[in-house]
Amino acid sequence: MRNAILIASRREPLQDQAGESSRRAGSFAAFVERHAAFVFRIAHAVTRHAQDAEDAAQETFLQVYRANRWEQIEDERAYLARVAWRLAIRQRKPKAREEELPFDLDMPDASPLDSAMDRQLESWLHSRIDALPEKLRQPLALAALGELKLVEIAVILGLPEGTVRRRIHTARARLRLEFQGLNERQGGAYEG
Amino acid sequence: MRDDFEVLDDPLGRLIDRALQSYTPRNPLPGLEQRILAGVATANRRRAPWGWRGWNSIAAVAAAALLLVLVAIPLRHRLSPPHITVASRSAQPAEQLSPGALTPQDAGQHDSNSRAKQVRAIKLRPAGSDSGAVVTPRSSVRRASTAVHDESMAFAPIALKPIAVAPIEIPALN
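Before going into details, it helps to say that this report is about the structure given with it. Along each chain, residue indices are assigned from 1 in the same order as the chain's sequence is written. Chain letters and ligand numbers both follow the written order, the letters beginning at A and the numbers at 1. Given that the model is predicted, a residue must reach a pLDDT of at least 70 before its local features are reported, and side-chain atom pairs must reach 80 or more before they are shown or counted; all residues, however, enter totals for whole chains, interfaces and linings. For the side-chain quantities, the full set of heavy atoms in the structure was used; hydrogens and water were omitted.

Looking now at the overall build of chain A. In this text, helices come from DSSP runs of H or I with a minimum length of four residues, and strands from runs of E with a minimum of two, each type numbered from the N-terminal end. In terms of helices and strands, chain A carries seven helices and zero strands. Going from the N terminus to the C terminus, chain A shows its helices and strands as α-α-α-α-α-α-α. Note on classification: 1.4 Å probe, protein chains only; a residue is buried when its accessible area is under 20% of the maximum for its type, exposed when over 50%, partly exposed between these limits. Burial analysis of chain A (192 residues in total) assigns 41% to the buried set. Here a residue-residue contact requires only that any non-hydrogen atoms of the pair lie within 4.5 Å. Considering only contacts in chain A between residues 6 or more positions apart, those separated by 24 or more positions represent 67%. Each accessible area value is a Shrake-Rupley result obtained with a 1.4 Å probe; residue values ignore everything except the protein chains displayed when judging cover. For chain A, the exposed area adds up to about 10500 Å²; of that, 51% sits on carbon and sulfur atoms.

Laid out in structure tokens, this is it:
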């Protein structure tokens with residue numbers, strides 16, 4: 001009986017340790033499950049490359065795991081967004097000289113082609129967004145996710161809310177100007 | 001996005017909105033969570049090949065070695081033979097001082113009757129040899145140590161050289 005108690009008391013800490021370890025592993029897996037896609041989107045908004053974004057997402061979760069405090073984070077999304085954004089900036093390759101995509105607005109008005117033109121127009125706009133200076137592109141890309149409020153974007157970027165608002169406005173205004181320039185070059189083909 | 005930011009609600013504004021919505025993919029490739037978890041596990045293994053148990057055992061060995069050193073040093077000092085110092089020594093060799101002179105090995109055996117031997121040594125000493133500087137060792141241990149000390153002294157004789165001193169001549173006195 002005494003031996004049994006001794007053995008039991010020796011095993012208990014090990015069992016507790018194993019139990020705690022598996023509980024934490026489960027908790028971390030759930031944490032990753034909850035936020036992986038969001039972190040990936042944040043990283044992709046910065047890197048514009050799926051593999052780089054995935055690497056940044058992985059690095060984000062690795063950092064959180066090593067810091068060993070995913071259970072104590074108050075605002076998980078804001079925290080992860082900030083870490084992911086910082087790591088993605090590091091991951092982002094130096095911007096190559098952006099080439100303006102050839103685009104022809106003068107297309108027939110047939111409806112099946114409308115969507116094709118829209119797609120072409122969208123990818124042209126994407127190339128123009130990519131060509132924006134980073135200080136304008138990043139707030140715009142984060143806002144484009146549609147998942148973050150202005151104040152959250154400001155926290156992620158470490159900027160005042162007013163600055164973020166102004167930069168997003170400037171970025172959109174530039175895109176407008178570029179598109180209007182293109183439209184004029186094409187003889188005002190796009191009517192909207 | 002439109003709730004938070006002022007945008008112009010015109011065809012161009014809507015077009016930009018659409019382009020922005022498709023700027024980042026809505027969903028990553030399937031299996032991202034598993035890939036992340038696997039990556040985290042791999043990176044963690046690669047980072048700490050020893051693991052906490054390995055480092056703990058190294059720390060335990062180091063602590064044990066330190067403890068051993070701390071215990072062994074004072075113990076070594078305690079076990080080393082005491083250094084015997086002889087306060088006084090005889091002018092004569094130890095063999096002559098006492099006929100029953102002892103070697104250090106004998107000292108232990110004869111310690112019990114050392115008093116009797118000391119008395120015998122005093123009786124055997126020739127008359128007149130008892131000068132003030134000579135002190136007879138009182139115990140066999142002391143005698144033994146004195147003998148050892150005298151032997152070591154015998155190996156290193158001091159050679160005294162005569163010093164030639166010239167007579168002082170004072171002319172005024174002559």
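With 36 residues of chain B in contact, the opposing surface of chain A contributes 46 residues. Here's the idea: put two parts together, see how much 1.4 Å probe accessible area each one loses, and the total over both is what we call buried area. Note on chain B versus chain A: buried area summed over both sides is about 3800 Å², and carbon and sulfur give 64% of it. A pair is scored as a salt bridge if a Lys or Arg side-chain nitrogen falls within 4 Å of a carboxyl oxygen belonging to Asp or Glu. Taken together, the links from chain B to chain A amount to three salt bridges. Here Asp17(B) makes a salt bridge to Arg172(A), at a shortest N to O gap of 2.9 Å. The term polar contact refers here to a pair of N or O atoms within 3.5 Å; inside protein, the definition further demands a hydrogen-donor-capable atom paired with an acceptor-capable atom, and it admits residues adjacent in sequence only when both atoms are side-chain atoms. Our count for the chain B to chain A interface comes out at twelve residue pairs in polar contact (both at pLDDT 80 or more).

A word on helix α6 (residues 150-157) of chain A. Residue and element names in this part refer to chain A. For α6, the set of buried residues is Leu 150, Ile 153, Ala 154, Ile 156 and Leu 157. An end-on view of α6 places all buried positions within 160° of arc, on one side of the element. Buried-residue contacts for α6 involve α3 (76-91), α5 (134-144) and α7 (161-185). Read the arc as the range of directions from the helix axis to the C-beta atoms.

Okay, the packing of α5(A) against α7(A) next. All names here are of chain A. Think of each axis as a best-fit line through the C-alpha atoms, taken over the contacting stretch in the case of a helix, with angles from 0 to 180 degrees between the N-to-C directions. One way to put it is that α5 packs onto α7 with a least axis distance of 8 Å and a crossing angle of 95°. It follows that α5 is roughly perpendicular to α7 by the angle criterion. From α5, Lys 135, Leu 136, Pro 139, Leu 140 and Ala 143 reach across to α7, where they touch Val 164, Arg 167, Ile 168, Thr 170, Ala 171, Arg 172, Arg 174 and Leu 175. When its residues are assigned to classes, the contact of α5 with α7 shows eight nonpolar, one polar and four charged. Here the word oblique covers every angle except those under 35 degrees (roughly parallel), over 145 (roughly antiparallel) and from 65 to 115 (roughly perpendicular). When residue character is reported, Ala, Val, Leu, Ile, Met, Phe, Trp, Tyr, Cys and Pro are called nonpolar, Asp, Glu, Lys and Arg charged, and the others, Gly included, polar.

Position of Gln21(B) relative to the elements: it lies in helix α1 (residues 11-21). Judged by its relative accessible area of 52%, Gln21(B) is exposed. When neighbours within four sequence positions are excluded, Gln21(B) is seen to be in contact with Ala144(A) and Arg26(B).

Here, nonpolar core refers to any group of buried Ala, Val, Leu, Ile, Met, Phe, Trp, Tyr and Cys residues whose side-chain atoms link them within 4.5 Å. In this structure, Phe31(A), Ile42(A), Phe61(A), Leu140(A), Leu142(A), Leu148(A) and Ile36(B) are the most contacted members of the largest nonpolar core, which totals 58 residues. For this core, the element with the most residues is helix α1 (residues 2-47) of chain A, which contributes eleven residues. Not counting residues within four places of it along the chain, the set of residues in contact with Leu142(A) comprises Ile42(A), Trp85(A), Leu148(A), Ile153(A), Ile156(A) and Leu157(A).

For the rest of this paragraph, the subject is the environment of Leu159(A). Residue and element names in this part refer to chain A. For Leu 159, the position within the fold is in the loop between α6 and α7. Classification of Leu 159 as partly exposed rests on a relative accessible area of 24%. On a C-alpha basis, the gap between Leu 159 and Pro 139 in space is 10.0 Å, while along the polypeptide they are 20 residues apart.

So, on to the side chain of Glu76(A). Residue and element names in this part refer to chain A. Looking at where Glu 76 falls in the secondary structure, it is placed in helix α3. Engagement of the side chain of Glu 76 in a polar contact is seen with the side chain of His 35, the distance being 2.6 Å. Other than its neighbours up to four places away in sequence, Glu 76 contacts Phe 31, Arg 34, His 35 and Trp 70.

The subject of this paragraph is the pattern of salt bridges. Residue and element names in this part refer to chain A. By the definition in use, this model includes ten salt bridges over all chains. Between Glu 71 and Arg 23 there is a salt bridge whose closest N-O contact spans 3.1 Å. Taken together, the residues span a long stretch of sequence, with Glu 71 in the loop between α2 (50-67) and α3 and Arg 23 in helix α1 at a distance of 48 residues. Classification of Glu 71 by relative accessible area gives partly exposed; the value is 33%. Taking relative accessible area as the criterion, Arg 23 reaches 42% and is therefore assigned partly exposed. Among the salt bridges present, the one from Glu 134 reaches Arg 137, with a minimum N-O distance of 2.8 Å. Of the two residues, Glu 134 and Arg 137 are both situated in helix α5; the distance of three residues between them amounts to about one turn of the helix. Within this structure, Arg 41, Arg 77 and Glu 147 form a network of salt bridges that share partners.

All names here are of chain A. Most of α5 is tucked away: nine of the eleven residues are buried. Taken together, the buried positions of α5 are Leu 136, Arg 137, Gln 138, Pro 139, Leu 140, Ala 141, Leu 142, Ala 143 and Ala 144. Following α5 by one or two positions, Gly 146 has its phi on the positive side, about 75°.

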